[in-house]
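Read off the chains here:
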Amino acid sequence: MCSKMISKVRLCLKPLKPFLHQGSSALVTPTPLCKPSQLAPTARSLSTKDINPNSGGRQAVRKERKGDGQDGLRYRTIRHKQRELWEDAEDSESKSFTVGQRTAFPKSVFSAGTAKRTAEIMKRKAPLVSVGREDPKEEPERRSTRGEGKIVPPDRPLSVAEWRKLKESFGNPQRFDIMMIGALFTSGAELSVAKSLLTFVAMERGTLSYELLLRYLTLCVSGGHDTEVFEVYDIMRESFSSLETGASTLFIKTFSRTDRWREAVSLLHQVKKVFTPSSRNYGLIIAAAVLHGDLSTAWTLYDELIRKGLNPHPETWDALFKGVRQKGEVEAGNMSQSEHQERLLGILLYMRNNQIYPKCDLASSIKTWFESLPGQKWTGSWTRASPTGLCRCCGSALESIQLTVEEYHQLKHRVMTDIIQGRDVFNKTTPELLEVVSELERQGLSVLVLGRKHMLRPSRSWERRNMNLIQDKAHCFFTENISEDDPFLLYATLHSGNHCQFVSRDLMRDHKACLPDGATRRLFFKWQRGHQLVVDGHGAGGRVRFQSIFGYDTIVQTSGDSWHLPYDDTQDRSTYEVPQLWLCLTKKH
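By the naming in an unreviewed UniProt entry, the protein chain is Mitochondrial ribonuclease P catalytic subunit, taken from Echeneis naucrates. Looking at the Cofactor (unreviewed entry) heading of the UniProt record, one finds this comment for the protein chain: "Mg(2+)".

Pasting the structure below:
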């Protein structure tokens, strides 16, 4: 049936022009972290958003520790965001944990899964939507249109006459073939049914459209029908002058998983003349080259992928770390195992420099690769870090979250240029800070409140006596009502020194997005994680409680005889969150 259909298609096909779519790192040695008791007292800068969820304003607080012997102002900045009800969310969540669990898993707004859990808590708090809210007049219309035009595909191959009769029963729609093959794909029908459809279309029209062949190709690739994919490849190469992105990707995927994988390399080079291949295209061929023992080709394509500014897929790294699956000699002229090993260590440094966290499967492959290195005696363990920044497995200190002097001045300059000086000003407000200011005063800090002039006027949510109390406890600076206080917050914090911390509910993603490149944004995120405190409800006696700031950086790191890789074990991690689990790799002597 297959060869007969293909021969008919070859005779009937006419050329159809397709629519083209254009389309060295250094090892950083971990430095020991100071214990809390060894840290010199520092002044802190504070800017806050409203704790009261019903309020709509914003203001900022700064405090200077008295008598700490440091020059200049030192501040900690506190912020609260109206739309993020962190206190209620976190307090409700904490009730489901035991005391031991809360100790083992300290709260942090940057911990993986926090945003997802908070969203679920807020969803449970939200009122249920009434089923009867929908307009009853619209519902019958919606029900009636859902079933219209639905094509039920046959469960067996049809003859040309049977297909014609079926098409007529649907009113001879112009795109009957496209709709039908889509229905075949959705229903998971047998490939023989789709072949009979192509025979019908070829006999009726004398040709097969590019779109129909592409959809048939998709069905073949998804079902693993490699022989049929090769036949479609021959047909499309004869009939069309070039292939667009979708077809090329599908052919590369199929060729890469067969012994004809080198044809995928040739196809990739042809694709590059028209558009830039995707990292998935590269990754499939790289995995095929590794599988067949051609490490030179694999790393050549990997280098090309990086030069083009593409991000490798985790599956590509996984294939490289798994290496040649069949034991035996690799091809002549291939790279040495020592060179291959150095290249794999380079991948870990790439993850470090780009703040990439491997998933569990990739972390497991990395662990297996280290432990399989002959004569090196590496041991891998799954572990966590202590709040003070010690690996719970080997006891070594992880890298500090604090920026170096050079990193700090670089970030300070970029924030000043790209965020404070180079952005629009928005109209945002916030009222209530009295509890936070009072708590910080009890800690022996002097406070500078950054707010707006409208806060000097009493309102329904802001009593005059509260502002009087704040002015008694803190220095105050009020901007014009139309100004945004975020730039003041960043300016105050960064100009207070690298030791300065701030407290805020605002994760400042908009501000980070204003920075010019990924490296600077990652630097900002590191500084943010090391300096931002978040209000975490109230503790004993009603005193304001803050989440902890961990003293270590969550990043791939090495000291030569050890590697520590934070890995991602959840699908719920937001981009501004970091994993809490680590792979510890140590080398025995």
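Draft legend 1. Region of interest: the pattern of salt bridges. In this structure the tally under the stated criterion is 22 salt bridges. Here Asp294 makes a salt bridge to Arg262, at a shortest N to O gap of 2.8 Å. A residue pair is termed long-range when its members are at least 10 positions apart, and Asp294 in the loop between α13 (279-291) and α14 (295-307) and Arg262 in helix α12 (residues 261-271) qualify at 32 residues. The buried category is assigned to Asp294, whose relative accessible area is 6%. Relative accessible area serves as the criterion here: at 40%, Arg262 is assigned to the partly exposed category. Between Arg545 and Asp536 there is a salt bridge, and its shortest N-O distance comes to 3.4 Å. Judged by its relative accessible area of 26%, Arg545 is partly exposed. One continuous salt-bridge network, built from bridges that share partners, spans Glu407, Lys526, Arg529 and Asp553.

Draft legend 2. Highlighting helix α10 (residues 226-239). The end-to-end C-alpha distance of α10 is 20 Å, a good match for the 20 Å that 14 residues give at a rise of 1.5 Å each. Of all the positions in α10, only Glu228, Val229, Phe230, Glu231, Val232, Tyr233, Ile235, Met236 and Ser239 are classed as buried.

Draft legend 3. Representation of the pairing of strand β12 (residues 581-587) in the model. When you tally the buried positions in β12, you get 5 out of 7 residues, the bulk of the element. Relative to β12, strand β3 (residues 378-384) runs antiparallel, the two sharing 7 bridges. Bridging across to β12, Thr383 finds its partner in Trp582. In this structure, strand β11 (residues 562-567) lies alongside β12, joined through 6 bridges in antiparallel fashion. Looking at β12, one finds that Ser562 is bridged to Thr586.

Draft legend 4. Focus on the side chain of Arg352. With respect to the helices, strands and loops of the structure, Arg352 is situated in helix α16 (residues 337-353). Taking the relative accessible area as the measure of exposure, Arg352 reaches 13% and is therefore buried. In terms of polar contacts, Arg352 uses its side chain to reach the backbone carbonyl oxygen of Val556, at 2.9 Å.

Draft legend 5. Fine view of the packing of aromatic side chains. Inspection of every chain in the model, using the stated rule, returns 18 aromatic pairs. Plain terms: the ring middles of Phe110 and Phe525 are 5.8 Å apart, the flat faces sit at 75° to each other, and that makes the pair edge-to-face. Placement of Phe110 in the loop between α3 (99-104) and α4 (114-125) and of Phe525 in helix α23 (residues 518-531) is noted, with a sequence separation of 415 residues between them. With relative accessibility at 4%, the residue Phe525 sits in the buried group. Summarising the aromatic geometry, the rings of Phe321 and Trp369 are spaced 5.5 Å apart at their centres and angled 75° between planes, so their arrangement reads as edge-to-face. One end of the pair, Phe321, is in helix α15 (residues 314-322); the other, Trp369, is in helix α17 (residues 360-372), with 48 residues separating them in the sequence. By the burial criterion, Phe321 is buried, and Trp369 matches it. An aromatic cluster is present here, built from Phe321, Trp369, Phe370, Trp378 and Trp563 joined pairwise through their rings. Geometry around Phe230 places Arg260 over its ring, the cationic atom sitting 4.1 Å from the centre. Directly above the ring of Phe525 sits Arg529, whose terminal nitrogen or CZ lies 4.6 Å from the centroid.

Draft legend 6. Up close: the confidence of the model for the protein chain. Confidence along the protein chain averages 75 in pLDDT terms, with 70% of residues attaining 70 or more. This stretch, residues 1-105, has a pLDDT under 50; its non-local contacts, to residues over four places away or in other chains, come to 327 contacts. Here residues 128-149 scores under 50 on pLDDT; set against residues more than four positions off or in separate chains, the count is 2 contacts.

Draft legend 7. Structural context of the side chain of Glu244. Within the secondary structure layout, Glu244 lies in the loop between α10 and α11 (245-256). Buried and unpaired, Glu244 has no salt bridge, with Arg215 as the nearest side chain of opposite charge at 11 Å. At 2.9 Å, the side chain of Glu244 forms a polar contact with the backbone nitrogen of Gly246.

Draft legend 8. Structural view of the sheet that holds β12. In space, the 4 strands of this open sheet follow the order β3-β12-β11-β10, with antiparallel pairing throughout. Edge positions in the sheet fall to β3 and β10 (557-558), since each has one partner strand and no second. Bridge analysis of β10 against β11 gives 2 bridges, and the strand direction is antiparallel. Paired with Gln557 across the two strands is His564, which belongs to β11.

Draft legend 9. A look at the nonpolar core. Membership of the largest hydrophobic core comes to 85 residues, with the highest contact counts inside it found for Phe251, Leu348, Phe370 and Trp563. A total of 9 residues in this core trace back to one element, the largest contributor, which is helix α9 (residues 210-222). With near-sequence residues (within four places) excluded, Leu348 lies in contact with Phe321, Ile366, Phe370, Val556, Trp563 and Leu565. Of all hydrophobic cores here, the second largest spans 14 residues; its members include Leu403, Leu490, Leu515 and Leu523.

Draft legend 10. Representation of the environment of Leu284. Along the chain, the position of Leu284 falls in helix α13. Sequence separation between Leu284 and Ala319 is 35 residues; the distance between their C-alpha atoms is 9.4 Å. When neighbours within four sequence positions are excluded, Leu284 is seen to be in contact with Ile252, Lys253 and Ser256.

Draft legend 11. Local environment of helix α20 (residues 464-473). For α20, the full list of buried residues reads Asn466, Met467 and Ile470. All buried residues of α20 fall inside an arc of 95° around its axis, so they share one side. Opposite the packed face of α20, turned more than 90 degrees from it, sit the exposed residues Arg465 and Asp472.

Draft legend 12. Seen up close, the environment of Ser192. As for its position among the elements, Ser192 is in helix α8 (residues 191-205). Distance from Ser192 to Asp155, taken between C-alpha atoms, is 9.8 Å for residues 37 residues apart in sequence.

Criteria and cut-off values
Residues numbered from 1 in each chain as written. Predicted model: local features only at pLDDT ≥ 70, side-chain atom pairs only at ≥ 80, totals over all residues. Heavy atoms only, no water. UniProt positions renumbered as here; feature names shortened; annotations may be inferred. Salt bridge = Lys/Arg side-chain N within 4 Å of Asp/Glu carboxyl O. Helix = DSSP H or I, 4+ residues; strand = E, 2+ residues; numbered from the N terminus. Buried < 20%, exposed > 50% of the residue type's maximum accessible area, 1.4 Å probe, protein only. Expected span 1.5 Å × (residues − 1). Pairing = 2+ DSSP bridges. Polar contact = N/O pair within 3.5 Å; in protein donor to acceptor, adjacent residues only side chain to side chain. Phe/Tyr/Trp six-rings, centres within 6.5 Å; stacked < 30°, edge-to-face > 60°. Lys NZ or Arg CZ within 6 Å of the ring centre and 35° of its normal. pLDDT = per-residue confidence, 0-100. Contact = heavy atoms within 4.5 Å. Lys, Arg positive; Asp, Glu negative; His and termini not counted. Core = buried A, V, L, I, M, F, W, Y, C linked by side-chain atoms within 4.5 Å. Arc of directions from axis to C-beta.

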